[in-house]
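Residue-level structural notes
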Amino acid sequence: MFVLFPFLALLFTADPALPRKPQKSFENIGTQADTARTSDHLDDAITLYSEGVRLRPSWSAGWWWLGSLLYEQDRFSESQAALQHFVAIARDPAPAYAFLGLCEYEMQDYDQAQHHFQLWARKGWPGTADLIDVAAFHWALLLTRKGRFLEALFLLATEAGKLHNSPALAEAMGLASLRMANLPEDYPPERREMVWLAGEAALNASLPSKEFDRADDYLRRLTLHYGQKPNVHYFRGTIFTFERKNEEAKAEFQAELQISPGNVPALLELARMDMDSNELSEAASLAKRATEIAPNDADAHHMMGRVLLATDQFQESARELEIAEQLAPDSATIRSHLALAYRRLGRTEEAKRETAAFLSLKEKEEVMAPPQEKTAVPKQAGPPK
Amino acid sequence: MRIATVALLGVSLAVPPPQDTSGQRAFGAVQGKTGAASTAASRFEQLSQAANLARTQDRDEDAIQLYRQALDLQPGWKEGLWYLSTLLYEKEHYADARDVLRRFVAHDSDKGPGWALLGLSEFQTREYSRALDHLRRAMALGMGGRKDMAQSVFYFVAVLLTRFEQYSDSMSMMLAMIKSGQQPDLLVEPVGLAALRMPLLPAEIPPDRRDTIRMAGQGALALEAEHRDEAEKIFSNMVAAYPNEPGVHFLYGAFLLDLRPDDGIREMKRELEVSPFQVPARLRLAEEYLKEEKFDEALSLAQQAVKLELKDAPAHMMLGEVLIAKGDLAGGIQELETAEKEAPQTVRTRWDLLRAYTTAGRKDDAQREKEEIEKLNAPGGGQ
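Residues numbered from 1 in each chain as written. Chains lettered and ligands numbered in written order. Predicted model: local features only at pLDDT ≥ 70, side-chain atom pairs only at ≥ 80, totals over all residues.

A look at the overall build of chain B
Operational definition: We count a stretch as a helix when DSSP gives it H or I for four or more residues in a row; a strand needs E for two or more, and each element gets its number in order from the N terminus. Here exposure depends only on C-beta density: within 10 Å of a residue's C-beta, 20 or more other C-beta atoms make it buried, 12 or fewer make it exposed, and intermediate numbers make it partly exposed, the C-beta atoms being placed from the backbone. Note that contacts rest on C-beta atoms placed from the backbone: two residues are in contact if these are within 7 Å.
When helices and strands are tallied, chain B shows 21 helices and zero strands. Counting all 383 residues of chain B, 46% fall into the buried class. Taking the intrachain contacts of chain B between residues at least 6 apart in sequence as the baseline, contacts between residues at least 24 apart amount to 48%.

What follows is the structure, given as structure tokens:
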């Protein structure tokens, strides 16, 4: 994975805001460390930075470079330790959160990695363009592992616009598209071809040039060999939806239900399509089935609430949306629909509360938006202050 | 894949480390000055000797423990890092072996065997991108005469190149391996995967696809061994059994183009019906049409290939050749220069450019290409 993003190279072009080092011996070490680093003598640089931070534990730039260089050498636990020192003393440790997430990913401490990526994103995705790419990519892998497939695909599709034909990206997109809660390192090897075909389809459909013909060709091959596997027809349906081939999409979602009658995402897609075409009783039937199959699925209750809202059953709608809200308290769109239901019921104060929650969450949700649209943080690679 | 790994690695791990014991000596020299340090040095000496003894007596678990304890005292002890990692690898503790090897190569980055074993460990932990990177580094540095290890490294690089969709490079490596004495049997499936352009490792082949892949591999290997009758029989059986599989008509077509061009063209066209976005079939067809001086057909196919794969060097090369054949020297040179930029080591592109520059009267450019060709044709100079 690392080879895909040679982002450390960019770190070395940085102009780090190094704090002053008052003691002469310490100053010498700092200067020598920087010289070793910039002249690519990484082992020497690591030794010198280690010595520097031993002499001056408050030398934040030293911890930063030490962590970065150890990461470059794939020495993740040592890198993590150095970066933790940096985070503890730096005034603006945000870029280190991405590095920490990457180290923790490699150390298989996935929950902690997820936490740090989230923290990093909340701070505005700081770092070089390449750091953003590699961190977003690994965060997407973790989201897939957690079953948060849509969020993962959102991040990966953003990368597709930049990386184009990348086997690693296609593999990651394949896993998320087929709703396989796995990492590239741990899914069953016999599924590799299926993941590859799905990933290429997703990648081509996500390119800025929208290569739908090529995506369709991969989808054809995917269904030819793996049409009886769960989520294959569902995925083909979602791509057809992007292509605005609604009839074909509907046929695929129905085919999915033939194979996996309990496939809730397929049920919900069909319900959404029925809602869009004002076939509300069909939509209600599908959404109800989804809630019965997956009573703890927020999306199912959300859809049920929306259908009930559309059929003016406001009380019942509010009830379903409240369940959805409990299951997914951070979903802005659920809050928005709940606000609407309350308003229709004349529950003004609750409607206002939900609207406020919607606005706040919408801002939070945008943490997933493409970083270049999110932040004007300068793309520098040196240690933050 | 585990079976292949063991078979390929063979006894190669039971060899001394690719480094001397300088870490051990340095430790003694530096630490021997004080009493406490002297005690530590003595303790290290005891542990390292006990570790080596346990290893030579095949008491692997004891050896692992002892090496770890010695390395706690002297983290940079290269011999200890090497033997610990090889023991861990042999015990199939690949993640542990990998972590130790990362320390080893950090201390000793110019030794091929260290990178090789690291890449092999990463292959086992399914960190394929890193594995490929590190195995290639091992190839570049050399294995220090360890033939078994070199064969392992070549094999894994080749199969990883296929997984990363670098099919031509993978195929070239595997054919070179056969020429240098590698048993072809081990390469049937890897060759089949590369020939069918499927980015899978042999261990990732689904059971219902294995037969197609093996046929493709056997056919390609028969052709390489110049058993043409056998190759034709395998390829024709393959297209009969799997007429709708991507890649099979291309393979048969490529074989037939040399023997019976009309039949080859028919198979290539069939391939494009099955795989409408396939670039190599377009290029082989364009090449054939160019040979037959059907320039318009060749041009259309070469242009399609470039449109499908903007950065594909062979596509630009073919378009350049066709444009020049049609009399568009400037346009042809432009395409050839693009091809050269994407794949500077392709001799054919440089020959094309040499001729084109000469025709255009660009003597200096022609001379430069001539020099580059000589460099590439020198031993170890390129493709």
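Picking up where we left off.
A short note on unusual backbone geometry
Residues and elements named next belong to chain A. Located in the positive-phi region is Asp312, a residue other than glycine, with phi close to 65°. Here Asp312 shows up in the loop between helix H17 (298-310) and helix H18 (314-327). Take Asp312: there are 9 C-beta atoms within 10 Å of it, and that puts it in the exposed class.

Considerations on the interface of chain A and chain B
Our working rule: Only Asp, Glu, Lys and Arg are considered charged in this grouping, and only Ala, Val, Leu, Ile, Met, Phe, Trp, Tyr, Cys and Pro are considered nonpolar; every other residue, Gly among them, is considered polar.
Each side of the interface is counted separately: chain A has 19 residues, and chain B has 20 residues. When residues of the side of chain A that touches chain B are traced back to their parent elements, those giving at least two are helix H10 (167-177), helix H11 (192-206) and helix H12 (212-226) of chain A. Of the residues belonging to the side of chain A that touches chain B, the class tally is eight nonpolar, one polar and ten charged.

Regarding the packing of helix H14 (residues 248-259) of chain B against helix H15 (residues 261-274) of chain B
All names here are of chain B. Convention followed: Between N-to-C directions, angles span 0 to 180 degrees; the directions come from axes that are lines fitted to C-alpha atoms, helices contributing only their stretch in contact. Note on terminology: angles under 35 degrees are roughly parallel, angles over 145 are roughly antiparallel, angles of 65 to 115 are roughly perpendicular, and the others are oblique. By convention the crossing between two helices is left-handed if the near helix lies anticlockwise of the far one by an angle smaller than a right angle, and right-handed if it lies clockwise.
At a closest axis distance of 7 Å, the pairing of H14 and H15 adopts a crossing angle of 160°. Here H14 is positioned roughly antiparallel relative to H15, judged by the angle of their axes. For H14 against H15, the interelement crossing comes out left-handed. Contacts between H14 and H15 involve His249, Phe250, Tyr252, Gly253, Leu256 and Leu257 from the former and Pro261, Asp263, Gly264, Glu267, Met268, Arg270, Glu271 and Val274 from the latter.

A short note on the domain arrangement of chain A
All names here are of chain A. For the record, the criterion: Segment limits for the domains were obtained from an automatic or database-derived domain assignment.
Partitioning chain A into structural domains gives domain 1 (19-95), domain 2 (128-260) and domain 3 (265-366). Domain 2 and domain 3 are separated by 27 Å when their C-alpha centres are compared. Domain 2 puts seven residues into the contact, and the matching count from domain 3 is six residues. Sorting the residues of the side of domain 2 that touches domain 3 by element identifies helix H13 (232-242) and helix H14 (246-259) as the ones contributing at least two each. A per-element tally of the side of domain 2 that touches domain 3 places H14 first, with five residues.

So, the packing of helix H8 (residues 129-145) of chain A against H10(A)
Residues and elements named next belong to chain A. In contact at an axis separation of 10 Å, H8 and H10 are set at 25° when each is read in the N-to-C sense. By the angle between their directions, the pair H8 and H10 is classed as roughly parallel. Where H8 crosses over H10, the handedness of that crossing is left-handed. Across from Phe137, Ala140, Leu141 and Thr144 in H8, the residues of H10 making contact are Ala172, Leu175 and Ala176. Of the residues that constitute the contact of H8 with H10, the class distribution is six nonpolar, one polar and no charged.

Structural notes on the confidence of the model for chain B
Residues and elements named next belong to chain B. Rules: On a range of 0 to 100, pLDDT expresses the predictor's confidence in each residue.
In this model, chain B carries an average pLDDT of 89, and 89% of its residues clear a pLDDT of 70 or more. When pLDDT is averaged over each element of chain B, helix H11 (residues 188-195) comes out on top at 98 and helix H1 (residues 2-9) at the bottom at 38. pLDDT under 50 marks residues 1-14. Its contacts with residues more than four places away, or in other chains, come to 19 contacts. Low pLDDT, under 50, characterises residues 19-33; the predicted model gives this stretch 24 contacts beyond four residues in sequence or across chains. The ipTM assigned to the predicted complex is 0.85, against a pTM of 0.86.

Points about the nonpolar core
The following threshold applies: Any set of buried Ala, Val, Leu, Ile, Met, Phe, Trp, Tyr and Cys residues joined through C-beta atoms within 7 Å is what this text calls a nonpolar core.
Residues Ala135(A), Ala140(A), Leu156(A), Ala172(A), Ala201(A), Ala271(A) and Ala287(A) are the most contacted members of the largest nonpolar core, which totals 110 residues. In terms of residue count, the dominant contributor to this core is H8(A) (eleven residues). Aside from chain neighbours lying at most four places away, what touches Ala140(A) is Ala152(A), Leu155(A), Leu156(A) and Ala172(A). Ala70(B), Leu84(B), Phe255(B) and Leu301(B) belong to the second-largest nonpolar core, a separate cluster that totals 109 residues.

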